[in-house]
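Chain and residue survey
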Amino acid sequence: GLKGGKILHFAPEKIFKKELSSLNNFVYHTTDYNMQDVTFKNENLMKLNFENASYDLILINHVLEHVKDDNMAIYEISRVLNNGGIAIITIPINLRYNKTKNFSDIDSNGHYRDYGRDVVFLFKKHFSKVKYLNLNIYDNSNNAIKKIEPAFICLKWRLD
């Protein structure tokens, strides 16, 4: 596991922000396109203003479906991640779909797409290893975690 380093958290949830900012061995940064109470405001996920390989851990929870070009967003996440770094990505996904359904217009939830199982190929295009974790196994029934709530653990490892 990570013993320290830099964390970048997109659209940070208040409860996680509070916990993560209290970690001693980590530098914790937050960012968002719309939120004001973040370290870096107005960041466009499709064209980030961060240096290459500048973060060890990137957290992005239910944001990709709101981004017009998710391929470019995943590329940018990989670009700013250090070698050996990890991106933890959650998205709403319908595991009954083989293919992601893209919408011609943004839907009422602000989504550009409804992800299917093929999203894993998008992650594998930009990361060397992709694991799937069902977050429901950690649910103690006090949480609102769906029966199948996936997190994709994406590892960047390149021999440059």
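Residues numbered from 1 in each chain as written. Predicted model: local features only at pLDDT ≥ 70, side-chain atom pairs only at ≥ 80, totals over all residues. Heavy atoms only, no water.

Topic: the nonpolar core
We apply this condition: Residue types Ala, Val, Leu, Ile, Met, Phe, Trp, Tyr and Cys, when buried and joined through side-chain atoms within 4.5 Å, form a set referred to as a nonpolar core. Remark: exposure states derive from per-residue accessible area (1.4 Å probe, protein chains only) relative to the maximum for the residue type, with buried under 20%, exposed over 50%, and partly exposed in between. In this text, helices come from DSSP runs of H or I with a minimum length of four residues, and strands from runs of E with a minimum of two, each type numbered from the N-terminal end. Residue contacts are counted whenever heavy atoms from the two residues lie within 4.5 Å of one another.
Counting residues in each nonpolar core, the largest one holds 29 residues, and the members touching the most others are Leu45, Ile58, Leu64, Ile89, Phe123 and Phe127. Of all the secondary-structure elements, those providing two or more residues to this core are β1 (5-10), β3 (55-61), α2 (70-80), β4 (81-90), α3 (119-126) and β8 (150-155). Counting residues per element, this core draws most heavily on α2, which supplies 4 residues. Discounting chain neighbours no more than four positions away, the residues touching leucine 45 are Phe10, Ile60, Val63, Leu64, Val67, Met72, Ala73, Glu76 and Ile77. Ile7, Leu20, Leu57 and Leu59 belong to the second largest nonpolar core, which has 6 residues in total.

Looking at the side chain of glutamate 76
Stated precisely, the cut-off is as follows: Each polar contact in these results corresponds to two N or O atoms within 3.5 Å; when the atoms are within protein, one needs to be able to donate a hydrogen and the other to accept it, and residues that are neighboring in sequence are counted only if both atoms are side-chain atoms.
By the secondary structure assignment, glutamate 76 is in helix α2. Looking at glutamate 76, its side chain comes within polar contact range of the side chain of arginine 79, at 2.9 Å. Leaving out residues up to four positions away in the same chain, glutamate 76 has contacts with Leu45, Met46, Lys47 and Leu48.

Thoughts on the pattern of salt bridges
To keep things clear, this is the line we draw: When a carboxyl oxygen of Asp or Glu is within 4 Å of a side-chain nitrogen of Lys or Arg, the pair counts as a salt bridge.
Inspection of every chain in the model, using the stated rule, returns 3 salt bridges. When the shortest N-O distance is used, the salt bridge between arginine 113 and aspartate 70 registers 3.4 Å. Here the residue arginine 113 occupies a position in strand β6 (residues 113-114), and aspartate 70 occupies one in helix α2, the gap between them amounting to 43 residues. In this structure aspartate 70 comes out as buried when scored by relative accessible area, which is 13%. Between glutamate 76 and arginine 79 there is a salt bridge, with the nearest N and O atoms lying 2.9 Å from each other. Linking glutamate 76 with arginine 79, this pair stays in helix α2, spanning 3 residues, or about one helical turn.

Let's talk about α2
Along α2, 8 of the 11 residues are buried, which leaves the element largely enclosed by surrounding structure. All buried positions along α2 are accounted for by Asp70, Ala73, Ile74, Glu76, Ile77, Ser78, Arg79 and Val80. Where α2 is buried, its residues touch β3, β4, β6 and α3. N-cap assignment for α2: the residue whose side-chain oxygen lies 3.2 Å from the backbone N of asparagine 71 is aspartate 69.

Quick look at unusual backbone geometry
The phi angle at asparagine 42 is positive, at roughly 60°, despite the residue not being glycine. Mapped onto the elements, asparagine 42 comes out in the loop between β2 (26-31) and β3. The backbone of histidine 62 shows a phi angle near 55°, a positive value even though the residue is not glycine. Tracing the chain through its elements places histidine 62 in the loop between β3 and α2. A residue is classified by how much of its surface remains accessible, and histidine 62, at 26% relative accessible area, is partly exposed.

Spatial relationships are all this shows, so hold off on functional conclusions.
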